[in-house]
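# Coordinates in review
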Amino acid sequence: MITGRTKLLAIIADPVTQVRTPQAMNAMLSDMGKDAVLVPVEVSREGLAAVVSGFRNIGNFAGVVVTVPHKTAVPPLCDTLSDRAIAAGAVNVIRRDAQGKLHGDILDGEGFTRGLDDAKISVTGMAVFLVGAGGAASAIAFALASRGPKKITISNRTRAKAQALSERLSESFPDVEFCVGDDPSGHDLAVNGTSLGMAPNDALPFDPAGLSSGSIVAEVIMQPEVTPLLAAAEQLGFATHGGRKMLQGQLSELAKFLTQNMEDTQ
Ligand SMILES: NC(=O)c1ccc[n+]([C@@H]2O[C@H](COP(=O)([O-])OP(=O)(O)OC[C@H]3O[C@@H](n4cnc5c(N)ncnc54)[C@H](OP(=O)(O)O)[C@@H]3O)[C@@H](O)[C@H]2O)c1
């Protein structure tokens, strides 16, 4: 039950109606015995700075999950950032401390690689084709790189962002080969890290017909559960890995991060 002692958490997005985090996180908070509630908050790009700054002044506000389109705009609005958030240039979760300071981190990559672990997919030694260079894709690239793949090829509509991501990754992971390119052939795992696939008329992020046999196709998109990319890949006989597994992979990490130092209820 929500009382005067309940801590507030939010997920900010635009649009916000498609998010699945509130139901999953509220169930998890309840299982953890936390007197806290997470609510959806629709925030436009124009309103983002004012809303985030306002969180500092809400005494019982504990933190916020950040999603599309705000992840790359939030880092300068935080007081501190984790190393991986700095490296990815994006934040998907902020914890507010008792002094009103905002601490940003990104757990998307951990969620994605945990989802692969759960499906018994090991990226060690793999060649990975990653489409996207936004917040989620950047975090995924860093988490994948830390698992020892042989190579990561990054493809993105805005090529300069793919190039910049590849350069940041090369500095942090000198043993992995990074390149920018649009040809998915010759890779063991192909990942859609873009928002393409959410809207019914979206183009495919890449053509799975170009993949080499035995490749696995993975998604970040959760809704629809079977995206046009996954459907096309399945039809061609490739193994697939849906976006829901990424959310499941990071929910417990998000809950742990957001409830650090949060007063227990009992
Ligand atoms: N399953 C999960 O748990 C989970 C977690 C986090 C995010 N996601 C999903 O991941 C997706 C990306 O989120 P994000 O935070 O990374 O967003 P973002 O920072 O806004 O990045 C969006 C990415 O998609 C690309 N893109 C967008 N529209 C495109 C188009 N019409 N054609 C080609 N490329 C396009 C962008 O390319 P440019 O750089 O050229 O703009 C960029 O690479 C979202 O759909 C989100 O729901 C899922």
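Within each chain, residue numbers correspond to sequence positions counted from 1 in written order. Local features in a predicted model are, by the rule used here, given only for residues with pLDDT of at least 70; side-chain atom pairs are given and counted only at 80 or more, and totals for whole chains, interfaces and linings are based on all residues. To get the side-chain values, take all heavy atoms of the structure and skip hydrogens and water.

Looking only at helices and strands, the protein has eight helices and 12 strands in total. Atoms counted for the radius of gyration: C-alpha only. Globule rule: 2.2 Å times residue count to the power 0.38. For the protein, the C-alpha radius of gyration of 19 Å lies close to 18 Å, the compact-globule estimate for 266 residues. For the protein, the C-alpha atoms occupy an extent of roughly 55 × 35 × 35 Å along the three principal directions. The buried label goes to any residue with under 20% of its type's maximum accessible area, the exposed label to any with over 50%, and the partly exposed label to all in between, with areas taken from a 1.4 Å probe on protein chains only. Among the 266 residues that make up the protein, the fraction classed as buried is 51%. Contacts: residue pairs with any heavy atoms within 4.5 Å of one another. Contacts spanning at least 24 positions in sequence make up 70% of the contacts within the protein whose residues lie at least 6 apart. Carbon together with sulfur atoms contributes 51% to the accessible area of the protein, which is approximately 12100 Å² in total. Only four residue types enter the charge count: Lys and Arg as positive, Asp and Glu as negative, with His and the chain ends excluded. To locate a charge, take NZ of a lysine, CZ of an arginine, CG of an aspartate or CD of a glutamate. One way to put it: in the protein the 23 positive side-chain charges average out to a point 4 Å from where the 28 negative ones average out. Under the DSSP-based scheme used, a helix requires at least four consecutive residues in state H or I and a strand at least two consecutive residues in state E, with every element numbered from the N terminus. A 1.4 Å probe and the Shrake-Rupley method give the accessible areas. Residues count as covered only by the protein chains that appear here.

Throughout this document, a residue counts as near a molecule or strand when at least one of its heavy atoms sits within 4 Å of that molecule or strand. Neighbouring the ligand are 24 residues, the closest being Ala136, Asn156, Thr158, Lys161 and Val220. We call two N or O atoms a polar contact when they sit within 3.5 Å, provided that within protein one can donate a hydrogen and the other can accept it, with sequence-adjacent residues counted only if both atoms are side-chain atoms. The backbone of Ala133 places a nitrogen or oxygen atom 3.1 Å from an oxygen atom of the ligand. With respect to the ligand, the backbone of Ser195 contributes an N or O atom lying 3.3 Å from an oxygen atom. Across the complex, the protein chains shield 82% of the 930 Å² of accessible surface that the ligand would expose by itself. At the level of secondary structure, the elements contributing two or more residues to the shell around the ligand comprise helix H5 (135-145) and helix H8 (244-258). Of all the elements, H8 adds the most residues to the shell around the ligand, at three residues. Ten residues, namely Ala, Val, Leu, Ile, Met, Phe, Trp, Tyr, Cys and Pro, are considered nonpolar, four, namely Asp, Glu, Lys and Arg, are considered charged, and the remaining ones, Gly among them, are considered polar. Class assignment for the residues of the shell around the ligand results in 10 nonpolar, 10 polar and four charged. Summarising the domain contributions, the shell around the ligand has at least three residues from each of domain 1 (7-107 + 250-258) and domain 2 (109-246). The domain limits used here are those given by an automatic or database domain assignment.

Next up on the list: the sheet that holds strand S12 (residues 239-241). Note on pairing: DSSP must find at least two bridges between two strands before they are called paired. Reading across the sheet, the six strands line up as S9-S8-S7-S10-S11-S12 and stay open at both edges, with parallel pairing between neighbours. Each end of this open sheet is capped by a strand with a single partner; those strands are strand S9 (177-180) and S12. When strand polarity is set aside, the average angle formed by the axes of neighbouring strands in this sheet is 20°. Bridge count for strand S8 (residues 151-155) against S9 is four bridges, and the pairing is parallel. Within the sheet, the bridge partner assigned to Lys151 lies in S9 and is Glu177. Axis definition: a line fitted to C-alpha atoms, limited for helices to the stretch in contact. Angles are taken between N-to-C directions and run from 0 to 180 degrees.

Attention shifts here to the sheet that holds strand S5 (residues 93-96). Taken together, the six strands give an open sheet; going across it, the order is S2-S1-S3-S5-S6-S4, and neighbouring strands pair in mixed fashion. Each having just a single partner strand, strand S2 (36-42) and strand S4 (80-81) make up the two edges of the open sheet. The sheet strands contacting helix H2 (residues 48-55) are strand S1 (7-13), strand S3 (61-66), S5 and strand S6 (102-105), and the helix crosses S1 at an angle near 165°. Across the sheet, H8 lies against S1, S3, S5 and S6, angled at about 25° from S5, the strand it touches most.

With respect to the element layout, Ile216 can be found in strand S11 (residues 216-219). For Ile216, a relative accessible area of 15% translates into the label buried. Spatially, the C-alpha atom of Ile216 lies 7.4 Å from that of His241, the residues being 25 residues apart in sequence.

Residue placement: Gln18 occurs in the loop between S1 and helix H1 (21-31). Residues Gln18 and Leu251, 233 residues apart in the sequence, show an inter-C-alpha distance of 17 Å. Among the polar contacts listed, one links the side chain of Gln18 to the backbone oxygen of Pro15, at a separation of 3.2 Å.

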